[in-house]
Amino acid sequence: MFFIDDLWELFSVYWFGSGRDSLSEPISQIIPESMMAPSTNILCNTGEADFCRDDSAAFLLKLIAIASILLAGAAGVAIPLIGRNRRFLQTDGSLFVAAKAFAAGVILATGFVHMLAGGTEALSNPCLPDNPWSKFPFPGFFAMMAALVTLLVDFVGTQYYERKQEREAEEAGEASEQSGEQQPAVVPVGVEGINGKVFGEEEGGGIHIVGIHAHAAHHRHTHSHGHGGCDGHQKIAVGHAHGHGHEHGHISLDIGNGARHVVVSQILELGIVSHSIIIGLSLGVSQSPCTIWPLIAALSFHQFFEGFALGGCISQAQFRNKSAAIMAFFFALTTPIGIGVGTAVSSSFNTHSPTALVTEGILDSLSAGILIYMALVDLIAADFLSKKMSCNVRLQVVSYVMLFLGAGLMSSLAIWA
């Protein structure tokens, strides 16, 4: 027995470099690291695995994807722009509000479920070094900073366009005075003058106004026939409005709505375009038909409703036809261009290289922050907290159903793409 024990000890020393205690050491300390994680090393060095790889079939599917996504995006952004001249699709109609709620749900789910999740997956990839990527939650941080910067740009841009509109109105007023023509002036938004008068009100009780929406927020006294809170939103025509025996305490005129819609449409397009480039490149560099097939359906659905939301914002901003066409054209082409670029570099592009992963993770996280802010603040809150929504119970129910439906359907697409 002693001989057998001594022989076993010599055998352990020879093979494992230590005594009997070596048998209790973890297997990872005995087997070389190169043998422990061969799949990770191969993945990081070569990129996409060969499973379901078919270059010729993938190339054909990419051409189908370009055509399908281009048509879906163009149709989505064109419907609100063409329909603004049609009664049933005007931007102040109930059908448009409900469809826009569905599109807002799609954009919100894109930010939370697709882009933020994609950024987290990329920045937590084992191909990246632990320091600093595993030491700090960078995806949430980048998304938060993108949302805050979007808020700043939103505020500054709105201020800029409002002042620009005021200067143009003043210049038009001065030009009309010089030419001897009498033209109504613009009433600033919610500005009250001395003694409770609205700035611009005449001594006789009249106000020169342009054809804009006025909202009587508060009344100094109750009308005998009892106006409800939903009766205050009315459209005042161009002309000279005079008092009728009583005065309103506060009149908030939506003169800034045009500037607001201009900023919203431009920021929303920036957020959509930034992530459209990423998803286009991701599809373009893939050589797996198993990956491309579900992406075609998912991205076509995604582009259509994102285009609808963007087209609605462009329509509400009342851009000139040329500017609106340029913005719509740019949106529709972004993802197909990304697919084309990805296809061109697919032979030499490694999607699992540290540079590609960091770039994809950061851009996905930034896009998520922009889209989440725009969906919640400028699409959902702007419509769901409006006077039009609060005064129409049926529209509230339909809009909430459409919002949850859009978010749910877009979230479910994460199962396949």
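Note that this is a predicted model, so its numbers are computed, not measured.

Calculation criteria
- Residues numbered from 1 in each chain as written.
- Predicted model: local features only at pLDDT ≥ 70, side-chain atom pairs only at ≥ 80, totals over all residues.
- Heavy atoms only, no water.
- Helix = DSSP H or I, 4+ residues; strand = E, 2+ residues; numbered from the N terminus.
- Buried < 20%, exposed > 50% of the residue type's maximum accessible area, 1.4 Å probe, protein only.
- Areas by Shrake-Rupley, 256 points an atom, 1.4 Å probe, with all protein chains shown as cover.
- Salt bridge = Lys/Arg side-chain N within 4 Å of Asp/Glu carboxyl O.
- Patch = residues over 30% accessible without salt bridge, like charges linked within 9 Å, V, L, I, M, F, W, Y side chains within 5 Å.
- Contact = heavy atoms within 4.5 Å.
- Polar contact = N/O pair within 3.5 Å; in protein donor to acceptor, adjacent residues only side chain to side chain.
- Phe/Tyr/Trp six-rings, centres within 6.5 Å; stacked < 30°, edge-to-face > 60°.
- pLDDT = per-residue confidence, 0-100.
- Axes fitted to C-alpha atoms, helices over the stretch in contact; angles between N-to-C directions.
- Parallel < 35°, antiparallel > 145°, perpendicular 65-115°, else oblique.
- Left-handed = near helix turned anticlockwise from the far one by under 90°.
- Nonpolar A, V, L, I, M, F, W, Y, C, P; charged D, E, K, R; others polar.
- Expected span 1.5 Å × (residues − 1).
- Bend = angle between axes of the 7 residues up to and from the residue.
- Core = buried A, V, L, I, M, F, W, Y, C linked by side-chain atoms within 4.5 Å.

Chemist: How do you make sense of the overall build of the protein when you look at a structure like this?
Modeler: The helix and strand inventory of the protein stands at 13 helices and five strands. In the protein, which comprises 417 residues, the share counted as buried stands at 39%. Accessible surface for the protein amounts to roughly 23400 Å². Of this, 64% is attributable to carbon and sulfur atoms.

Chemist: Teacher, can you tell me more about the pattern of salt bridges here?
Modeler: Side chains carrying opposite charge are able to pair once their charged atoms draw close together. Across all of its chains, the model carries one salt bridge by this definition. Among the ionic pairs, D383 bridges to K100, the shortest N-O distance being 3.6 Å. Linking D383 in helix α11 (residues 354–384) with K100 in helix α5 (residues 94–123), this pair joins segments that are 283 residues apart in sequence. The burial state of D383 is the same as that of K100; both residues are buried.

Chemist: Even after reading the chapter, I still don't get a nonpolar patch on the surface, so can you show me in this structure?
Modeler: A contiguous nonpolar surface patch, about 530 Å² in accessible area, is contributed by F136, F141, M144, M145, L148 and L151. Tracing the chain through its elements places M145 in helix α7 (residues 138–178).

Chemist: Sorry if this is basic, but what is going on with the environment of S346 here?
Modeler: Within the element layout of this structure, S346 appears in the loop between α10 (321–345) and α11. For S346, a relative accessible area of 12% translates into the label buried. Measuring from C-alpha to C-alpha, the distance between S346 and V285 comes to 4.3 Å, with 61 residues separating the pair along the chain. Leave out the neighbours within four places in its chain, and S346 touches K62, G284, V285 and Q287. Here T343 takes part through its backbone oxygen, which lies 2.9 Å from a polar atom of the side chain of S346.

Chemist: Quick question: what am I supposed to make of the environment of L310 here?
Modeler: Within the element layout of this structure, L310 appears in helix α9 (residues 289–317). Residues L310 and F331, spaced 21 residues apart in sequence, show a C-alpha to C-alpha distance of 8.8 Å. Sequence-distant contacts of L310, that is, excluding residues within four places in its chain, are made with S265, L268, E269, I272 and F331.

Chemist: Quick question: what am I supposed to make of the packing of aromatic side chains here?
Modeler: Each aromatic ring pair is specified by the distance between its two centres and by the angle formed by the two planes. Taken as a whole and judged by the stated rule, the model has twelve aromatic pairs. Ring plane angle 55 degrees and centroid distance 4.5 Å describe the contact between F102 and F305, whose orientation is recorded as tilted. Of the two residues, F102 sits in helix α5 while F305 sits in helix α9, which places them 203 residues apart along the sequence. When its relative accessible area of 6% is taken as the criterion, F102 is described as buried. Of the residues examined, F305 reaches a relative accessible area of 18% and is grouped as buried.

Chemist: Could you clarify how one ought to interpret the confidence of the model for the protein in this entry?
Modeler: Low-confidence regions, as indicated by low pLDDT, have predicted coordinates that should not be scrutinised in detail. Considering every residue of the protein, the mean pLDDT works out to 75; 67% of them sit at 70 or more. Here strand β1 (residues 207–209) stands out as the least confident element of the protein, with mean pLDDT 37; helix α13 (residues 393–412) is the most confident, with 94. Overall, residues 185–227 carries pLDDT values under 50, and its contacts beyond four positions in sequence, including any with other chains, amount to 103 contacts. Long-range and interchain partners of residues 232–255, a stretch whose pLDDT sits below 50, account for 75 contacts in this model, where long-range means more than four residues apart.

Chemist: Hey, could you run me through the packing of α5 against α11 in this one?
Modeler: For the pair α5 and α11, interaxial distance at closest approach is 7 Å and the crossing angle is 155 degrees. When the axes of α5 and α11 are compared, the pair comes out roughly antiparallel. Our pair here, α5 against α11, has a crossing hand that is left-handed. Its residues assigned to classes, the contact of α5 with α11 comprises 20 nonpolar, seven polar and four charged.

Chemist: So what exactly am I meant to see when it comes to α11 here?
Modeler: For the α-helix, the turn length of 3.6 residues means that residues three or four positions removed from each other point alike. Between its terminal C-alpha atoms α11 stretches 43 Å, which fits the 45 Å expected from 31 residues at 1.5 Å a residue. A maximum bend of about 30 degrees is found in α11 at A375.

Chemist: I'm lost on the nonpolar core in this one. Help?
Modeler: General note: in soluble globular proteins, nonpolar side chains tend to be found buried as a group. With 42 residues, the main nonpolar core has I107, L268, I314, F319 and M374 as its most contacted residues. Contributing elements (two or more residues each) for this core: α4 (55–83), α5, α7, α8 (257–285), α9, α10, α11 and α13. Among residues more than four places away in sequence, those in contact with F319 are R84, V262, S265, Q266, I314, A324 and M327.

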